[in-house]
Amino acid sequence: LVGELVDHSPTRASHGDVARRPSSQVTSLVTTPPSKMAAIVSSAATAVRVNAKAAGIKTTGSSRAAFLSRKAARSVAAVAATRKVATRAVVTETTAESSADSAELYKEFERLLVDYQFSYKVGDRVTGKVFHCDAKGAWVDIGAKAAALCPGSEASLAQARNAAAVFDIGEEYEFEIIRDDDGDGSLTLSVRKIQLEAAWNRCREMQANDEAVNSVVLSVNRGGLLVEVEHLRGFVPQSHIAMRVPNREELIGQAVPVKFLEVDEEKNRLVMSNRLATDVVSGEGLGVGDVCKGVVQAVKPYGAFVDVGGVSGLLHISQISHDRIVAVENVLAPGDELKVLILSKDAERSRLSLSTKKLEPSPGDMLRNPALVFEKADEMGRLFRERVAAAEAAAQAEEGAVQGEMAGMEVSKSADEESGEEA
């Protein structure tokens, strides 16, 4: 019976044996029914008493109880240890399975990283969404590990106060990477470089197509004009300036037609000609007596320069109104849109002489009601052309009459001479 108890005791099995046993055996070992355990203990007590008597050993109830208590304590401890080992075996098996699952998850994550990993380098063009603007520039999300920065100086080819004046928050734009990772994972972007390349391409196309384009005069010097086209600075040599003005400083800020002589992006060299463009622009059907829309470019004490279809014309102070004008700036200002009548045209010098005086329905309307002059300009221009045509016809008729009279006098004189000879 003691052997039976010992056989059921887990102390005979090592931890390794228990761990190697199937889970069903471990469960049966650590879950012996209480009734069977009690029967085993009772049988063990009887065996102890009989064996002691046969050996001549005197036992008492207390000694037998103490023995059984110690035996039971060892059994309980063995069962607890067995359960701990079994639990460790189950946990070890679960941990192994979990580790295998985790390894698969890590492999899948690495595969996704490879599939969606972005590698950027200088010169790449990317699309990004602007999410913030500050004094440094515009911060852009391009899908990199850190936000990229487009400095204010790289926000536009045209002059801009700051990045906020160029970009709208939440909008996407195309950028070019101009500087690699600065150590914080942030790339430096540029819109200006993209626009610069596009501007040079447009200039090359216009040169190839022999197109004329309006430029804005930035400054003047002894060699010619410094102008701006497509936000690029170019030079017009003195020999290629067709306009003749008393003071060349008056051209600053005005629109001047030009054609391209040289477009060299590598040398940052842009050379243009106003003289070659004048023939094209001035031949667009502008004639004496025509009424055209124009925009005031500059106001001077002696009159105003008006841009008419790309050609600069002078509206002299004496041709603004029938009424006397003390100061031109009291009547006209840069940017004013008005209708003018072409009095004369100098195609070689690309100059027009203009008049609003001839378009006044009533003398002084340019001072009192310029809107009426604008409204009635076409009608007044037609009347002006009719008067000019009538005057030209009368002049031609008078010239014809004079020539006829002179021819009659010559015939009469010849007849007199012939009669004198006969006499």
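One can find the structure itself at the top, above this paragraph.
Residues numbered from 1 in each chain as written. Predicted model: local features only at pLDDT ≥ 70, side-chain atom pairs only at ≥ 80, totals over all residues. Heavy atoms only, no water.

Would you mind going over the overall build of the protein chain in detail, with residue names and values included?
Each helix and strand counted, the protein chain has nine helices and 15 strands in total. For the protein chain, the accessible surface area stands at approximately 25300 Å², while carbon and sulfur atoms represent 52% of it. (Helix = DSSP H or I, 4+ residues; strand = E, 2+ residues; numbered from the N terminus. Areas by Shrake-Rupley, 256 points an atom, 1.4 Å probe, with all protein chains shown as cover.)

Just give me the short version of the side chain of S156, but keep the residues and values in it.
Within the secondary structure, S156 sits in the loop between β3 (148–151) and β4 (172–179). When its relative accessible area of 17% is taken as the criterion, S156 is described as buried. (Buried < 20%, exposed > 50% of the residue type's maximum accessible area, 1.4 Å probe, protein only.)

How would you sum up the nonpolar core? Please name residues and give values.
One finds V308, L315, I320, L332, L352 and L354 to be the most contacted residues of the largest nonpolar core, which totals 25 residues. Elements with a contribution of two residues or more to this core: β11 (291–300), β12 (303–308), β13 (311–316), β14 (337–346), β15 (351–355) and α9 (370–422). The residues touching V308, leaving out its near neighbours within four places in the chain, are L286, C292, K293, G294, V340, L352 and L354. Counting residues in hydrophobic clusters, the runner-up holds 22 residues, among them C203, V229, I241 and V256. (Core = buried A, V, L, I, M, F, W, Y, C linked by side-chain atoms within 4.5 Å. Contact = heavy atoms within 4.5 Å.)

Outline the pairing of β12, supporting the account with residue identities and numerical values.
Counting buried positions over the six residues of β12 gives six, a clear majority of the element. Note: β11 against β12, five bridges, orientation antiparallel. If you follow A298 over to β12, its bridge partner there is F305. The antiparallel hairpin formed by β11 and β12 contains two residues in its connecting segment. In this sheet, β13 lies alongside β12 in antiparallel orientation, the contact comprising six bridges. Paired with V306 across the two strands is G313, which belongs to β13. (Pairing = 2+ DSSP bridges.)

Give a description of the pattern of salt bridges that names residues and reports values.
Considering all chains together, one arrives at twelve salt bridges under this definition. Linking K259 and D210 is a salt bridge whose minimum nitrogen-to-oxygen distance equals 3.0 Å. Taken together, the positions of K259 in strand β9 (residues 255–264) and D210 in the loop between α6 (192–208) and β6 (212–221) put the pair 49 residues apart, joining distant regions of the chain. Residue classification places K259 among the buried positions, given a relative accessible area of 8%. D323 is the salt-bridge partner of R368, the closest N and O atoms lying 3.4 Å from each other. Remark: D323 occurs in the loop between β13 and β14 and R368 occurs in helix α8 (residues 365–368); sequence separation between them is 45 residues. Because the salt bridges share partners, they merge into one network encompassing R125, E176, K193 and E197. (Salt bridge = Lys/Arg side-chain N within 4 Å of Asp/Glu carboxyl O.)

Give a detailed account of α6, specifying residues and quantitative values.
With 17 residues, α6 should reach 24 Å at 1.5 Å per residue; the first-to-last C-alpha distance of 24 Å fits that figure. Those residues of α6 not exposed but buried are I194, A199, W200, C203 and M206. Where α6 ends, the next residue or the one after it, D210, has phi of about 55°, a positive value. (Expected span 1.5 Å × (residues − 1).)

Which residues make up the environment of E386, and what values go with them?
Looking at where E386 falls in the secondary structure, it is placed in helix α9. A sequence separation of 97 residues divides E386 from G289, and the C-alpha atoms of the two residues are 9.7 Å apart.

Could you give me a rundown of the packing of aromatic side chains, with the residues and numbers involved?
The description of an aromatic ring pair uses the distance of the two centres, along with the angle that the planes make with each other. Counted by the stated rule, this structure contains four aromatic pairs. A centroid spacing of 6.4 Å and a plane angle of 90° characterise the contact between Y302 and F305, whose relative ring orientation is edge-to-face. Using a relative accessible area of 28% as the deciding quantity, one classes Y302 as partly exposed. Under the relative-accessibility criterion, F305 is labelled buried at 7%. An aromatic cluster is present here, built from F167, Y173 and F175 joined pairwise through their rings. Across from the ring centre of F374, 4.9 Å away, lies the NZ or CZ of K339, which sits over that ring. (Phe/Tyr/Trp six-rings, centres within 6.5 Å; stacked < 30°, edge-to-face > 60°. Lys NZ or Arg CZ within 6 Å of the ring centre and 35° of its normal.)

Any details on the pairing of strand β8 (residues 232–237)? Residues and values, ideally.
As paired elements, strand β7 (residues 224–229) and β8 share six bridges and run antiparallel to each other. The residue bridging L226 from the neighbouring strand is F235, located in β8. Between β7 and β8, which follow one another and run antiparallel, lie two residues, and E230 among them has a positive phi close to 55°.

So what about the state of the cysteines? Which residues, and what values?
Scanning all chains against the criterion turns up zero disulfides. A disulfide-free cysteine, C133 has its sulfur positioned 8.9 Å from the sulfur of C150, the nearest such atom. On the accessibility criterion, C133 (19% relative accessible area) is buried. (Disulfide = S-S within 2.5 Å.)

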